[in-house]
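A closer look at the structure
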Amino acid sequence: MEAINEEIEVQEVKRTFAINQELFEKLEQAAYWDRTTQKDVLNEALAQYFQGKDIKPIPSSYNKPRRGRKPA
């Protein structure tokens with residue numbers, strides 16, 4: 001029997017966020033000591049946060065603010 005290696009394509013999104021400085025320092029330190037990236041630590045934290053939550057999609061009638069600009 002031949003093993004099938006399927007690559008799962010993960011789409012990444014780049015965004016800029018302002019976060020609490022203490023949380024950023026903890027993120028930076030955790031990544032250093034775990035010998036991983038800040039991105040991986042953040043992805044794991046967000047995955048744990050959303051685990052088991054029922055998140056509804058944003059209604060199509062909602063007008064998202066433009067990226068990079070503060071809503072008026």
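Details of the structure are given in the entry above.
Residues numbered from 1 in each chain as written. Predicted model: local features only at pLDDT ≥ 70, side-chain atom pairs only at ≥ 80, totals over all residues. Heavy atoms only, no water.

1. Describing the overall build of the chain
What the chain contains, in helices and strands, is two helices and zero strands. Every one of the 72 residues in the chain was classed for burial, and the buried ones make up 4%. For the chain, the exposed area adds up to about 8,300 Å²; of that, 51% sits on carbon and sulfur atoms. (Helix = DSSP H or I, 4+ residues; strand = E, 2+ residues; numbered from the N terminus. Buried < 20%, exposed > 50% of the residue type's maximum accessible area, 1.4 Å probe, protein only. Areas by Shrake-Rupley, 256 points an atom, 1.4 Å probe, with all protein chains shown as cover.)

2. Here we look at the pattern of salt bridges
Within this structure, the stated rule accounts for one salt bridge. The partner of Glu12 in a salt bridge is Lys39, and the shortest N-O contact between them spans 2.8 Å. Here Glu12 is found in the segment before helix H1 (21–33), whereas its partner Lys39 is found in helix H2 (residues 38–50), with 27 residues between them in sequence. The exposure class of Glu12 is exposed, given its relative accessible area of 57%. (Salt bridge = Lys/Arg side-chain N within 4 Å of Asp/Glu carboxyl O.)

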